[in-house]
Amino acid sequence: MNVFVLDTNKKPQNPVHPAKARLLLTEGKAAVFRQFPFTIILKETVLDVASNPLRIKIDPGSRETGIAVINDDSGEIVFAMELRHRGQQIKNNLESRRAIRRSRRNRKTRYRKPRFDNRTRAEGWLPPSLKSRVHNIETWVNRLCRFCNIQAISMELVRFDMQKIQNPEISGVAYQQGELMGYEVREYLLEKWDRTCAYCGKTDIPLEIEHIVPKSKGGSNRVSNLTLACTACNRKKGNKPIEQFLSRKPRLLKRIQKQSKVPLKDAGAVNTTRWDLFRTLKKTGLPVETGSGGLTKFNRTTRGLHKTHWLDAACVGKSTPEKIFQIDKAVLIVKADGHGSRQMCRMNKFGFPRTTAKSTEKKVKGFQTGDIVKAVVTSGKKVGTYIGRVAVRKSGSFNIKTVDKTVQGISWKYCRLLHASDGYSYNTTC
């Protein structure tokens, strides 16, 4: 990835190649301002140089969102990242809390009564599990605007609808017949079955729509009776009942039968949050361009790019340059972890405290849980260098979670802060 550059007044300059950034740091002309995304700040005042206008492009997803920063004039992908949300974790936490509260009320223990009369929801309210996705994207858009010269935003807003384009007045039963019906069903199945053959698991090959219960055996065209199969598996199955075809693979049979009844929950989450995200991005004051999913796929296909979240983001909207390239192939993987829990102590399965109350002081010896640190241990049983997220203890003996393991009992004296806790964990992939 290119390195973001700030001048002495913390104003964004043109991003530079990692080699040039390394040279500036070596010569003492710059210092590290931030680790993720990697940003340097110049120590000397430079002449006013016009920074190139850049565009943030966003491909919102339920579990992962692709974000790319592109130079519209040159077509260069300056920065790319994939943001992993924690909506499902929030949902599970809320359901666990609700179950504990209900169980305590049923036992008539001393606890507040449910308040049905004074519960109001503001207009446009979204569940916390969905709103967190919007907040995550908003956070990163604001951060990137501070580190580079962002002049516009593009986001994927709606799915491609060919039938609506051909006939804007179409509605009712007519909308369920014709080209749109086949297109929507196929796209639905591609999303539901992860673009994979249900029987052999192959990907990146032509897939055919296959009836789980053959039509000759009374099967219907309902979506719950449809799956995807490669040509070989489709011919091999023929009109056999799936129980007979997979009689020697009971686990696969059970998985397919279960998956066939699963609704497209992720698509529903994206559809629910898309307009709230659009309004949030408009508040930045930057022009917001919207594009459809069909246009994103068309742009990516015509430019010969493979499917990833960040490349989908780079291809959002009509502003996509004819030629897209990236000098460095690194992509930043960002995972939302939250800012900890406000719960003072942990509960057992009956809803009663099982630990003592937490200390009100978050920091220990200048560190707090979630910080990314570098520990160089020079003596003892754990000699070595460890880089990762730290879990602090009041005693000053910390745990450090590296990429592949968790190292316990590292003294705070060996630790050096690299990146303060901000609710996210980071990784880089090429």
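Residues numbered from 1 in each chain as written. Predicted model: local features only at pLDDT ≥ 70, side-chain atom pairs only at ≥ 80, totals over all residues. Heavy atoms only, no water.

As annotated in an unreviewed UniProt entry, the chain carries the name RRXRR domain-containing protein and is attributed to Desulfobacter latus.

## Re the pairing of strand 14 (residues 397-401)
What counts is decided by this rule: Only when DSSP finds a minimum of two bridges between them are two strands counted as paired. By definition, any uninterrupted DSSP run of H or I lasting at least four residues is a helix, any uninterrupted run of E lasting at least two residues is a strand, and each is numbered from the N terminus.
Two strands pair when backbone bridges link them, and strand 13 (residues 384-391) and strand 14 are joined in this way by three bridges, in the antiparallel orientation. Note on strand 14: the bridge partner recorded for A391 is N399. Remark: five residues form the turn of the hairpin made by strand 13 and strand 14, two consecutive strands paired antiparallel; G396 in that turn has positive phi of roughly 90°. Pairing geometry for strand 14 and strand 15 (residues 406-411), over four bridges, is antiparallel. Pairing of K401 across the sheet is with T406, part of strand 15. Between strand 14 and strand 15, which pair antiparallel one after the other, the connecting turn spans four residues.

## As for empty space enclosed by the protein
Test applied: The pocket and cavity definitions rest on a 1 Å grid over protein atoms only: a 1.4 Å probe that fits but cannot leave marks a cavity, an open set with protein on both sides within 12 Å along at least five of seven lines marks a pocket, and residues lining either have an atom within 4 Å of a point. Grid points are joined across faces, edges and corners, and a volume is the space filled by probe spheres set on the points. Classification used: nonpolar for Ala, Val, Leu, Ile, Met, Phe, Trp, Tyr, Cys and Pro, charged for Asp, Glu, Lys and Arg, polar for all others including Gly.
Tallied over the entire structure, the rule returns one cavity of 30 Å³ or more. Lining the largest cavity are P60, G61, T65, H85, R133, V134, I137, M155, V270, T273, R274 and L277. Looking at the lining of the largest cavity, the elements with two or more residues in it are helix 3 (128-147) and helix 9 (265-282). Of all the elements, helix 9 adds the most residues to the lining of the largest cavity, at four residues. Of the residues contributing to the lining of the largest cavity, the split by class is six nonpolar, four polar and two charged.

## A short note on a positive patch on the surface
Selection rule: Like charges are joined within 9 Å and nonpolar side chains (Val, Leu, Ile, Met, Phe, Trp, Tyr) within 5 Å, but only among residues with over 30% relative accessible area and no salt bridge; these make up the patches. Only the protein chains shown count as cover for residues, with accessible areas throughout obtained via the Shrake-Rupley method and a probe of 1.4 Å. Salt bridges, as used here, are contacts in which a Lys or Arg side-chain nitrogen is within 4 Å of a carboxyl oxygen on Asp or Glu. Residues scored as positive are Lys and Arg, those scored as negative are Asp and Glu, and His as well as the terminal groups of each chain are ignored. All charge positions are set by atom: Lys at NZ, Arg at CZ, Asp at CG, Glu at CD. The classification of residues rests on relative accessible area computed with a 1.4 Å probe and restricted to protein chains. Under 20% of the type maximum is buried, over 50% is exposed, and intermediate values are partly exposed.
Residues R346, R354, K358 and K362 make up a contiguous surface patch of positive charge. On the accessibility criterion, K358 (40% relative accessible area) is partly exposed.

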